[in-house]
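Residues per chain are reported as follows:
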Amino acid sequence: MKKMKKSDKVQNLKKITNALVEEALEKIRSGRQNSLRSKEQYFRTAEYFLSETKEYIDAACETLKIEKYDASLALSRWILEASMNLWWVSTDSSQSEQRIADLAGEALRCEAILLDGLAERWPNDASVYRNTAREAKKMRKNLNARKLTSLDTRMKSIKPLQRANCPDIYVLYRMCCAAAHPSLKIWERYRKVGTTIVSMKPKDKTNTAHWMVAASVLYLVATAYCLTKLGNKNYLEKWWSDKIVPLL
(Lines give C-alpha, C1' and ligand atoms only; values in the text may rest on other atoms or scores of the structure.)
Protein backbone atom coordinates (compact mmCIF):
# COMPACT_ATOMS: atom_id res chain seq x y z
CA MET A 1 0.00 0.00 0.00
CA LYS A 2 1.32 3.43 -0.93
CA LYS A 3 2.31 5.47 2.11
CA MET A 4 0.06 8.48 2.69
CA LYS A 5 1.76 11.86 2.44
CA LYS A 6 1.97 13.92 5.62
CA SER A 7 -0.17 16.71 4.13
CA ASP A 8 -2.86 14.20 3.14
CA LYS A 9 -2.91 12.77 6.67
CA VAL A 10 -3.46 16.21 8.12
CA GLN A 11 -6.22 16.97 5.64
CA ASN A 12 -7.96 13.69 6.50
CA LEU A 13 -7.55 14.39 10.20
CA LYS A 14 -9.18 17.79 9.76
CA LYS A 15 -12.04 16.33 7.72
CA ILE A 16 -12.70 13.43 10.10
CA THR A 17 -12.60 15.45 13.32
CA ASN A 18 -14.82 18.19 11.90
CA ALA A 19 -17.28 15.55 10.70
CA LEU A 20 -17.53 14.11 14.23
CA VAL A 21 -18.21 17.57 15.67
CA GLU A 22 -20.86 18.28 13.02
CA GLU A 23 -22.55 14.95 13.77
CA ALA A 24 -22.57 15.74 17.49
CA LEU A 25 -23.97 19.21 16.81
CA GLU A 26 -26.80 17.76 14.75
CA LYS A 27 -27.73 15.32 17.54
CA ILE A 28 -27.57 17.99 20.23
CA ARG A 29 -29.59 20.53 18.25
CA SER A 30 -32.23 17.91 17.60
CA GLY A 31 -32.18 16.84 21.24
CA ARG A 32 -32.53 20.43 22.43
CA GLN A 33 -35.83 20.81 20.59
CA ASN A 34 -37.23 17.79 22.44
CA SER A 35 -35.66 18.49 25.82
CA LEU A 36 -37.36 19.74 28.96
CA ARG A 37 -37.21 23.50 29.33
CA SER A 38 -35.17 23.10 32.52
CA LYS A 39 -32.53 21.10 30.61
CA GLU A 40 -32.35 23.32 27.53
CA GLN A 41 -29.35 25.27 28.83
CA TYR A 42 -27.34 22.02 29.03
CA PHE A 43 -27.86 21.52 25.32
CA ARG A 44 -27.05 25.18 24.56
CA THR A 45 -23.81 24.94 26.56
CA ALA A 46 -22.66 21.81 24.73
CA GLU A 47 -23.71 23.26 21.38
CA TYR A 48 -21.79 26.46 22.00
CA PHE A 49 -18.49 24.74 22.80
CA LEU A 50 -18.84 22.37 19.85
CA SER A 51 -19.57 25.25 17.48
CA GLU A 52 -16.62 27.30 18.72
CA THR A 53 -14.17 24.41 18.58
CA LYS A 54 -14.29 24.12 14.79
CA GLU A 55 -12.13 27.22 14.48
CA TYR A 56 -9.50 25.62 16.72
CA ILE A 57 -9.58 22.30 14.88
CA ASP A 58 -8.97 24.06 11.57
CA ALA A 59 -6.20 26.23 13.03
CA ALA A 60 -4.50 23.27 14.74
CA CYS A 61 -4.49 21.33 11.48
CA GLU A 62 -3.20 24.32 9.50
CA THR A 63 -0.23 24.62 11.86
CA LEU A 64 0.39 20.88 11.49
CA LYS A 65 0.66 21.33 7.73
CA ILE A 66 3.54 23.77 8.13
CA GLU A 67 5.13 21.67 10.89
CA LYS A 68 4.52 24.13 13.74
CA TYR A 69 3.81 21.44 16.30
CA ASP A 70 4.00 23.43 19.53
CA ALA A 71 1.52 25.92 18.08
CA SER A 72 -0.83 23.06 17.19
CA LEU A 73 -0.60 21.64 20.72
CA ALA A 74 -1.36 25.07 22.16
CA LEU A 75 -4.52 25.27 20.03
CA SER A 76 -5.60 21.79 21.15
CA ARG A 77 -5.41 23.08 24.72
CA TRP A 78 -8.52 25.23 24.10
CA ILE A 79 -10.50 22.17 23.01
CA LEU A 80 -9.39 20.20 26.07
CA GLU A 81 -10.25 23.05 28.43
CA ALA A 82 -13.73 23.23 26.90
CA SER A 83 -14.02 19.46 27.43
CA MET A 84 -13.05 19.73 31.09
CA ASN A 85 -15.57 22.51 31.66
CA LEU A 86 -18.32 20.33 30.17
CA TRP A 87 -17.21 17.37 32.30
CA TRP A 88 -17.14 19.55 35.43
CA VAL A 89 -20.69 20.72 34.75
CA SER A 90 -22.01 17.21 34.10
CA THR A 91 -20.46 15.34 37.05
CA ASP A 92 -22.86 16.66 39.68
CA SER A 93 -26.46 17.03 38.51
CA SER A 94 -27.38 19.01 41.64
CA GLN A 95 -24.73 21.62 40.75
CA SER A 96 -24.99 21.64 36.94
CA GLU A 97 -27.22 24.70 36.65
CA GLN A 98 -25.04 26.76 39.00
CA ARG A 99 -21.86 25.62 37.29
CA ILE A 100 -23.16 26.74 33.90
CA ALA A 101 -23.90 30.13 35.47
CA ASP A 102 -20.36 30.19 36.88
CA LEU A 103 -18.87 29.51 33.43
CA ALA A 104 -21.02 32.22 31.88
CA GLY A 105 -20.05 34.57 34.68
CA GLU A 106 -16.36 33.96 34.05
CA ALA A 107 -16.87 34.64 30.33
CA LEU A 108 -18.60 37.93 31.17
CA ARG A 109 -15.79 38.88 33.55
CA CYS A 110 -13.22 38.26 30.80
CA GLU A 111 -15.36 40.21 28.33
CA ALA A 112 -15.45 43.18 30.69
CA ILE A 113 -11.66 43.03 31.06
CA LEU A 114 -11.29 43.04 27.28
CA LEU A 115 -13.65 45.98 26.85
CA ASP A 116 -11.94 48.01 29.57
CA GLY A 117 -8.64 47.32 27.84
CA LEU A 118 -10.06 48.46 24.49
CA ALA A 119 -11.21 51.67 26.16
CA GLU A 120 -7.63 52.32 27.27
CA ARG A 121 -6.26 51.52 23.83
CA TRP A 122 -8.83 53.51 21.81
CA PRO A 123 -9.74 56.55 23.96
CA ASN A 124 -11.94 58.10 21.26
CA ASP A 125 -14.36 55.17 21.61
CA ALA A 126 -13.81 54.70 25.34
CA SER A 127 -17.36 55.57 26.40
CA VAL A 128 -18.87 52.89 24.15
CA TYR A 129 -16.46 50.22 25.40
CA ARG A 130 -16.90 51.14 29.05
CA ASN A 131 -20.70 51.16 28.77
CA THR A 132 -20.63 47.68 27.24
CA ALA A 133 -18.21 46.53 29.95
CA ARG A 134 -20.65 47.76 32.61
CA GLU A 135 -23.43 45.79 30.94
CA ALA A 136 -21.29 42.64 31.05
CA LYS A 137 -20.60 43.16 34.75
CA LYS A 138 -24.30 43.71 35.40
CA MET A 139 -25.23 40.53 33.53
CA ARG A 140 -22.67 38.59 35.58
CA LYS A 141 -24.17 39.92 38.82
CA ASN A 142 -27.68 38.99 37.69
CA LEU A 143 -26.54 35.42 37.06
CA ASN A 144 -25.46 35.07 40.71
CA ALA A 145 -22.29 33.53 39.33
CA ARG A 146 -19.68 32.39 41.82
CA LYS A 147 -15.99 33.12 41.33
CA LEU A 148 -14.62 30.31 39.20
CA THR A 149 -11.86 28.39 40.95
CA SER A 150 -8.79 27.26 39.03
CA LEU A 151 -9.11 24.45 36.54
CA ASP A 152 -6.65 22.41 38.59
CA THR A 153 -8.82 22.74 41.72
CA ARG A 154 -12.01 21.89 39.86
CA MET A 155 -10.50 18.81 38.21
CA LYS A 156 -9.26 17.49 41.57
CA SER A 157 -12.80 17.71 42.94
CA ILE A 158 -14.35 15.39 40.32
CA LYS A 159 -13.71 11.90 39.05
CA PRO A 160 -11.53 11.64 35.91
CA LEU A 161 -13.10 10.95 32.52
CA GLN A 162 -11.36 7.97 30.94
CA ARG A 163 -11.57 7.06 27.26
CA ALA A 164 -10.29 3.96 25.48
CA ASN A 165 -6.57 4.26 24.66
CA CYS A 166 -6.43 7.77 26.16
CA PRO A 167 -4.93 9.00 29.44
CA ASP A 168 -6.88 11.26 31.78
CA ILE A 169 -8.09 14.46 30.14
CA TYR A 170 -6.22 16.70 32.61
CA VAL A 171 -2.94 14.96 31.77
CA LEU A 172 -3.44 15.86 28.10
CA TYR A 173 -4.26 19.43 29.04
CA ARG A 174 -1.04 19.76 31.02
CA MET A 175 0.92 18.40 28.06
CA CYS A 176 -0.55 21.14 25.87
CA CYS A 177 0.19 23.76 28.53
CA ALA A 178 3.84 22.72 28.48
CA ALA A 179 3.91 23.39 24.74
CA ALA A 180 2.02 26.68 25.05
CA HIS A 181 4.27 28.33 27.63
CA PRO A 182 7.39 30.13 26.32
CA SER A 183 9.73 27.94 28.36
CA LEU A 184 13.46 28.63 28.24
CA LYS A 185 14.67 25.17 27.16
CA ILE A 186 18.26 26.14 26.45
CA TRP A 187 19.51 22.68 27.41
CA GLU A 188 17.47 21.14 24.58
CA ARG A 189 18.57 23.54 21.88
CA TYR A 190 22.29 24.03 22.49
CA ARG A 191 25.18 21.58 22.94
CA LYS A 192 28.87 22.10 23.40
CA VAL A 193 30.97 20.35 20.75
CA GLY A 194 34.62 20.80 21.60
CA THR A 195 34.92 24.49 22.35
CA THR A 196 31.95 25.50 20.17
CA ILE A 197 28.28 25.85 21.17
CA VAL A 198 26.06 24.47 18.41
CA SER A 199 22.29 24.73 17.90
CA MET A 200 20.39 21.42 17.91
CA LYS A 201 17.24 20.54 16.00
CA PRO A 202 14.12 20.66 18.23
CA LYS A 203 12.57 17.36 19.27
CA ASP A 204 10.14 15.93 16.75
CA LYS A 205 6.58 16.29 18.06
CA THR A 206 4.82 15.25 14.85
CA ASN A 207 3.01 12.21 16.22
CA THR A 208 2.13 13.89 19.51
CA ALA A 209 0.55 16.91 17.81
CA HIS A 210 -1.44 14.77 15.35
CA TRP A 211 -2.66 12.51 18.16
CA MET A 212 -3.62 15.47 20.36
CA VAL A 213 -5.92 17.06 17.77
CA ALA A 214 -7.91 13.84 17.49
CA ALA A 215 -7.89 13.07 21.22
CA SER A 216 -9.04 16.57 22.19
CA VAL A 217 -11.99 16.37 19.79
CA LEU A 218 -12.88 12.89 21.07
CA TYR A 219 -12.99 14.23 24.63
CA LEU A 220 -15.03 17.28 23.66
CA VAL A 221 -17.71 15.22 21.92
CA ALA A 222 -17.71 12.67 24.76
CA THR A 223 -18.25 15.33 27.43
CA ALA A 224 -20.90 17.07 25.34
CA TYR A 225 -22.75 13.76 25.19
CA CYS A 226 -22.31 13.24 28.94
CA LEU A 227 -23.90 16.61 29.65
CA THR A 228 -26.83 16.08 27.28
CA LYS A 229 -27.27 12.34 27.92
CA LEU A 230 -26.82 11.64 24.20
CA GLY A 231 -24.35 9.68 22.11
CA ASN A 232 -22.82 6.28 22.48
CA LYS A 233 -19.52 5.37 24.15
CA ASN A 234 -18.94 2.33 21.93
CA TYR A 235 -19.50 4.45 18.83
CA LEU A 236 -16.82 6.95 19.90
CA GLU A 237 -14.35 4.17 20.63
CA LYS A 238 -15.02 2.65 17.21
CA TRP A 239 -14.55 6.10 15.62
CA TRP A 240 -11.13 6.30 17.22
CA SER A 241 -10.01 2.81 16.21
CA ASP A 242 -11.43 2.90 12.67
CA LYS A 243 -10.88 6.52 11.62
CA ILE A 244 -8.05 7.91 13.72
CA VAL A 245 -5.61 5.08 14.44
CA PRO A 246 -4.80 4.57 10.72
CA LEU A 247 -3.74 8.24 10.52
CA LEU A 248 -1.36 8.11 13.47
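A short tour of the structure in this document, coming up. Just so you know, the residues in each chain are numbered from 1, in the order the chain's sequence is written. Two thresholds apply to this predicted model, a pLDDT of at least 70 for residue-level local features and 80 or more for giving and counting side-chain atom pairs, whereas whole-chain, interface and lining totals are computed over all residues. Computation of side-chain values covers all heavy atoms of the structure but excludes hydrogens and water.

1. Digging into the packing of aromatic side chains
Rules: By convention, a stacked pair of Phe, Tyr or Trp rings (six-membered ring in the case of Trp) has centres within 6.5 Å and planes under 30 degrees apart, an edge-to-face pair has planes over 60 apart, and any other such pair is tilted. Here's how the labels work: a residue is buried when its accessible area is under 20% of the maximum for its type, exposed when over 50%, partly exposed in between, all with a 1.4 Å probe on protein chains only. Counting from the N terminus, the helices are the DSSP runs of H or I reaching at least four residues and the strands are the DSSP runs of E reaching at least two. Here, a charge over a ring is recorded when the distance from Lys NZ or Arg CZ to the ring centre is within 6 Å and its angle to the ring normal is within 35 degrees.
What the rule picks out here adds up to five aromatic pairs. With centroids separated by 5.8 Å and ring planes inclined at 70°, the aromatic side chains of Tyr 48 and Phe 49 adopt a geometry described as edge-to-face. The class of Tyr 48 is partly exposed, set by a relative accessible area of 48%. What makes Phe 49 buried here is its relative accessible area of 14%. A ring pair is formed by Tyr 170 and Tyr 173, whose centres lie 5.9 Å apart and whose planes are at 25°; its orientation type is stacked. Here Tyr 170 pairs with Tyr 173, and both are found in helix α7 (residues 169-180), just three residues apart, close to one helical turn. With respect to class, Tyr 170 is no different from Tyr 173; both count as buried. One aromatic cluster is present, built from ring pairs that chain together Tyr 48, Phe 49, Tyr 56 and Trp 78. Seen from the ring of Trp 122, Arg 121 lies directly overhead, with NZ or CZ sitting 4.1 Å from the centre. Stacked on the ring of Trp 88, the Lys or Arg Arg 154 has its end atom at 4.7 Å from the ring centre.

2. Things to note about the pairing of strand β1 (residues 190-193)
Here is the rule: Here a strand pair is declared whenever DSSP counts at least two bridges between the two strands.
Of the strand pairs in this sheet, β1 and strand β2 (residues 196-199) are connected by four bridges, and their pairing is antiparallel. If you follow Val 193 over to β2, its bridge partner there is Thr 196. From the end of β1 to the start of β2, which pair antiparallel, there are two residues, and Gly 194 there has a positive phi angle of about 65°.

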